Amino acid sequence: MNRKVLLIGAALVVPTIAILFLNLGRNPHKVVSPLVGRPMIEFKLTEVGSGQPIDLASMRGRPLVINFWATWCLPCYAEHGVLVRGARRMGSDVQFLGVVFDDEESRILRFLDQNGREYPTLVDEAGKVAIAYGVYGVPETFFVDAAGTIVAKHEGPLDDSSLAAYLATVIGGPH
Amino acid sequence: MIPALGRTLILLSLLLATSGAIVAFAAARRPAALAWARRLVYGYALAIAAANALMVWALLARDFSVGYVAQVGSHATPTWVTIVSLWSSLEGSILFWGLILGLYVAGATHATRGRYQTYMPYAIGTWLATAAFFSFLLAGPAQPFLTVANPPLDGPGPNPLLQNHILMAIHPPFLYLGYVGMTIPFGLAAAALMRRRLGHDLLRPLRNWLLLPWAFLSVAIVLGGWWAYEVLGWGGYWAWDPVENASFLPWLTATAALHSAIVVLRKGSLKGWTLTLILATFLLVILGTFMTRSGVFNSVHSFTQSSIGPTILVFLAAALVWSVVLLAMNIDRIEGEEGAFHGTSREAMFLVNNLLFVLFTLTVLIGTVFPLVVEAVQDRQISVGGPYFDRMAVPIGAALLFLMGIGPALPWGRATRDQVKRALLPPLVTAVVVLGIGLALGVRNGWTLLTLAFAGYAGHVTMKEMWLPLARRVRRGERAAEAFVEGQLGRGRRRFGAYIVHAAVVVIFAAIAVSSTMKVSSERQLRQGESMAIGDYTLSFFGAEVRREPHRVATIAHIGVYRDGRLVRNMGPRMHQYPTQREPIGTPDVHTSLKGDLYLSIMNVDPGAQSVGLHALINPMVAWIWIATGVLALGALVLLLPERRGAAGTIPESAAGTDPSPPPRTVGAPSEETP
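Residues numbered from 1 in each chain as written. Chains lettered and ligands numbered in written order. Predicted model: local features only at pLDDT ≥ 70, side-chain atom pairs only at ≥ 80, totals over all residues.

A. Layout of the overall build of chain B. Scanning chain B from terminus to terminus reveals 21 helices and 10 strands. Its C-alpha atoms give chain B a radius of gyration of 27 Å, within 12% of the compact-globule value 26 Å for 675 residues. Overall, chain B is about 80 × 70 × 60 Å in size when its C-alpha atoms are taken along their principal axes. By the burial criterion, 52% of the 675 residues in chain B qualify as buried. Summarising the internal contacts of chain B: among those between residues at least 6 apart in sequence, 73% fall at separations of at least 24. (Helix = DSSP H or I, 4+ residues; strand = E, 2+ residues; numbered from the N terminus. Rg over C-alpha atoms; globule rule 2.2 N^0.38 Å. Buried ≥ 20, exposed ≤ 12 C-beta atoms within 10 Å, placed from the backbone. Contact = placed C-beta atoms within 7 Å.)

Following this line, the structure appears as structure tokens:
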């Protein structure tokens, strides 16, 4: 038995396996948002169609779902149905908001006519709000509790069950 | 029906591999059992091949009652994509792994029939134990043949990135042929350790079976880079992505082993070291498999989150521990005479070469795993980016290129000062010439100039070593053609092939250095009819077109490329939107030429407003990487050509099982007629 080989081998093998083991179940695609756990960033944007300004400050006191999307994003089509259903069911308890960036008003209106409108859709003209929220790609959705704290962020399209799970956490938050 | 049949075949392959491994190890004590172990190898290979054939059939028939087909199949995909789907997702890729492993194990078993009797029980046992693990994955954690109770009418199709380019049909098979093939030298090396002997009899199959997957892996790595270049649209071919690194790591150790094996042949030393490198190569292959399949690393290659990560990790841990114990127990017995290495000898250069390769391996390994360490210890996300790898890899690469010039020029053993001078001084002329050409063409980057000078030096030495034996024969009065067939393709075949590979690598080095430091890049937002200039090209945007294809929507920007007022060609970089993908996928268009590529990709495109954000690049010398890789494959082919029976240099069969002392002169690559 060559002790030197054994020792060098152990020195290489044990930490390697330990580190890989500790990282099992890690999701490398997850970008940890520094915003989670912090107060939401307030913004004032105009609603598509009506042209009315909507101020986030006026929505304080209700849990919020802020969904960033665009008409050129194909997964957003499927996700829109999920959000519309969610808003129909939970709209009395939770305020849904859509924020569209890098898009044109006429297309947004056509999209909403075809896919349903259940909650206000705001236009993020220069993408400033998306940048402030660190949006990496669309769709992305932020969940804000009644106290105005960002509780969770979801990247990619939501489905019914994941939306329900997120809604349970924002409603169950500090009332 | 098909799912049940598929599951039966996989269970059969598991049964055959497991029993075969047991029988093979038992044959170490009862040689009569070896014949049965061989039969079980062929049985395993047949079973797993049949399972693969069945899956391809199910994919083509769009039988959505098969779990894997429901996951990756689609009526919309073209036939070639449907076949490629076999390896496009996790379960299928493991099934495909099994097919390649079956081919290799059966091939190696057949090629070694009646030979190396004392080693084969251990080798076959190790191969089949590995095969059993992969069949176990298919039988349990990664089942491709699950029954779908309510089959859907249509499926989503495979990952869009895999449908985007025909190279996806070629790159993975080559990678698997490289990756999986490392099982064979691993088994042979393990057999040498268990037998506590590495004779020249075993060294020859060991080298050949290492060389074959090494050649596939080399080509696969470059094909992967080519694919990234043609598909991903960022204008480069290598990004130190964790999974690129996963394919590069075993390549580094395998390359080191191919070189240290030459020292074993010539000097009888570095035996234990060579075996260590071969074991490490296989272990790095399994680590790479873990990296792509566990969902732990972020990469364009990674498969979806899966449950097989822990299973592969257990296998990796077991293989690591087993290898370390095997080495520790047997390395002292196996090591031959430890000859003193003279400072300016070829063997000393081989030693430095090996140290550099190992340093390179550790550098890349640390950079790849470091984010995991930080995250485990500090709960903080970091990424180790290109700059770290570039800063480390460039000096090591330059040093390796330098050695490629010095090493082959130096003679074996002790050389006189005069010999050293005569060997090392003349190539300096070529180094200076190539450096001068670089300077004249505008190269100013210090590392690139250094690389060009080293490439000139190594190129000179390589060419000289490649053709010197021929020149000598011709001078002795032989006809050139005969001398070529007799020498280059006959007795000196290994030497000739090795230097073809070296020549290709020299070109690749130069091309990488030039293309990564001399590129010209320009980004512009263009409206219809507007133009931009890059290099001596003028690019005109004619307009954007939306084309609906069965499996995607393509937006194509039509660009006219002009030089000196004349249309060179029309190019059409695209943006593809797949229904299942969150982001659109840009597909660049590349105009390739030997001098440099014109590379166009779309940053954004609006067919409504007829505007496009165009990213244009001129990448010099990139095509040389692809061409040289073809040459490298050719060199490997020359090395692997079966030796003519009775040709000088073959080891007599009687040598098998004994430990021959004097190394046969013509087997080592740089052997014939070297001083």
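B. Here's a closer look at unusual backbone geometry. Residues and elements named next belong to chain B. With phi around 70 degrees, Leu270 is a residue other than glycine that occupies positive phi space. The exposure class assigned to Leu270 is buried, which follows from the 28 C-beta atoms found within 10 Å. Here the phi dihedral of Asp564 falls at roughly 50 degrees; this positive angle occurs in a residue that is not glycine. Among the secondary structure elements, Asp564 is positioned in the loop between β4 (552-563) and β5 (566-571).

C. Quick look at the pairing of β4 of chain B. All names here are of chain B. Where strand β3 (residues 537-549) and β4 come together, 11 bridges link them in antiparallel fashion. Residue Phe541 lies in a different strand from β4, and its bridge partner there is Ile559. Hairpin connection, β3 to β4: the antiparallel pair is bridged by two residues. Relative to strand β6 (residues 574-577), β4 is paired through four bridges, and the arrangement is antiparallel. Along β6, the bridge assignment pairs Val553 with Gln577. Note: β4 against β5, five bridges, orientation antiparallel. Residue pairing for β5: Arg563 is matched across the bridge by Arg566. Connecting β4 to the next strand, β5, in antiparallel fashion are two residues, including Asp564 with a positive phi near 50 degrees. (Pairing = 2+ DSSP bridges.)

D. Main features of the pairing of strand β6 (residues 140-144) of chain A. All names here are of chain A. Of all five residues in β6, five are buried; the element is thus mostly enclosed. Burial of the side chains of β6 extends over both faces: Glu140, Phe142 and Val144 are buried on one face and Thr141 and Phe143 on the other. Here five bridges tie strand β3 (residues 64-69) to β6, and the two strands are oriented antiparallel to one another. Opposite Val65, over in β6, you have Phe143 as the bridge partner.

E. Layout of the sheet that holds strand β10 (residues 611-620) of chain B. Residues and elements named next belong to chain B. A sheet is described by the order of its strands in space; here four strands give the open sequence β1-β10-β9-β8, paired in antiparallel fashion. The sheet terminates laterally at β1 (520-527) and β8 (589-591), the two strands that pair on one side only. For this sheet, the mean inter-axis angle between neighbouring strands, taken without regard to orientation, is 20 degrees. Direction of pairing for strand β9 (residues 596-606) relative to β10: antiparallel, over a ladder of 10 bridges. Each residue of the ladder has a partner; that of Asp597, found in β10, is Asn619. (Axes fitted to C-alpha atoms, helices over the stretch in contact; angles between N-to-C directions.)

F. Representation of the environment of Gly572 of chain B in the model. All names here are of chain B. The residue Gly572 is located in the loop between β5 and β6 in this model. By the C-beta count within 10 Å, which is 16 here, Gly572 ends up partly exposed. A C-alpha to C-alpha distance of 32 Å links Gly572 and Gln71, two positions 501 residues apart in sequence. Dropping the residues within four chain positions of it, Gly572 is found in contact with Ile556, Ala557, His558, Ile559 and Asp589.

G. Main features of helix α1 (residues 2-26) of chain B. Its 25 residues place the ends of α1 of chain B 36 Å apart at the C-alpha level, agreeing with the 36 Å of an ideal helix rising 1.5 Å per residue. On its buried face, α1 of chain B sits against α2 (34-60), α5 (90-111) and α6 (120-139) of chain B. (Expected span 1.5 Å × (residues − 1).)

H. Just helix α14 (residues 346-378) of chain B, in detail. Its 33 residues give α14 of chain B an end-to-end C-alpha distance of 47 Å, which sits within 8% of 48 Å, the value for a rise of 1.5 Å per residue. Val369 of chain B marks where α14 of chain B bends most, by close to 40 degrees; the proline Pro371 of chain B follows one to four residues later. (Bend = angle between axes of the 7 residues up to and from the residue.)

I. A look at the sheet that holds strand β1 (residues 44-47) of chain A. Residue and element names in this part refer to chain A. The mixed open sheet is built from seven strands, whose spatial order is β2-β1-β5-β4-β3-β6-β7. Each edge of the sheet is formed by a strand with only one pairing partner; in this case those strands are β2 (53-55) and β7 (150-155). Across the sheet, the mean angle separating the axes of adjacent strands is 30 degrees when strand polarity is ignored. Judged from the six bridges that link them, β3 and strand β4 (residues 95-101) form a sheet pairing that is parallel. Bridge pairing links Val65 to Phe96 in β4. Against the sheet, helix α5 (residues 160-171) contacts β6 and β7, and its axis sits at roughly 170 degrees relative to β7.

J. Representation of the packing of helix α9 (residues 183-195) of chain B against helix α12 (residues 271-293) of chain B within the structure. Residue and element names in this part refer to chain B. Relative orientation of the contacting elements α9 and α12 amounts to 140 degrees, with a least axis distance of 9 Å. It follows from the interaxial angle that α9 and α12 lie oblique. Of the two possible hands of crossing, α9 and α12 adopt the one that is left-handed. In this structure, α9 uses Thr183, Pro185, Phe186, Ala189, Ala192 and Leu193 to contact α12, whose residues at the interface are Leu275, Ile278, Leu279 and Phe282. Of the residues belonging to the contact of α9 with α12, the class tally is nine nonpolar, one polar and no charged. (Parallel < 35°, antiparallel > 145°, perpendicular 65-115°, else oblique. Left-handed = near helix turned anticlockwise from the far one by under 90°. Nonpolar A, V, L, I, M, F, W, Y, C, P; charged D, E, K, R; others polar.)

K. View of the environment of Tyr237 of chain B. Mapped onto the elements, Tyr237 of chain B comes out in the loop between α10 (200-231) and α11 (242-267). Residue classification places Tyr237 of chain B among the buried positions, given that 22 C-beta atoms sit within 10 Å.

L. Here's a closer look at the environment of Val622 of chain B. Residues and elements named next belong to chain B. Tracing the backbone through its elements, the reader meets Val622 in helix α21 (residues 622-640). Judged by C-beta crowding, with 28 C-beta atoms within 10 Å, Val622 ranks as buried. If sequence neighbours within four positions are ignored, Val622 has contacts with Ala511, Ser515 and Asp597.

M. Spotlight on the nonpolar core. Tyr44, Val105, Leu128, Leu188, Ala189 and Ala511 of chain B are the most contacted members of the largest nonpolar core, which has 189 residues in total. Sequence-distant contacts of Leu188 of chain B, that is, excluding residues within four places in its chain, are made with Tyr119, Ala123, Leu202, Pro205, Leu206 and Trp209 of chain B. Counting residues in hydrophobic clusters, the runner-up holds 37 residues, among them Phe96, Phe111, Ala130 and Val170 of chain A. (Core = buried A, V, L, I, M, F, W, Y, C linked by C-beta atoms within 7 Å.)

N. Region of interest: the packing of α9 of chain B against α10 of chain B. Residues and elements named next belong to chain B. Contact geometry for α9 and α10: axes closest at 8 Å, N-to-C directions at 155 degrees. The angle between α9 and α10 falls in the class roughly antiparallel. Between α9 and α10 the crossing geometry is left-handed. For the pair formed by α9 and α10, the contact residues are Ile184, Pro185, Leu188, Ala189 and Ala192 on the first element and Leu202, Pro205, Leu206, Trp209 and Leu210 on the second. Split by residue class, the contact of α9 with α10 holds 10 nonpolar, no polar and no charged.

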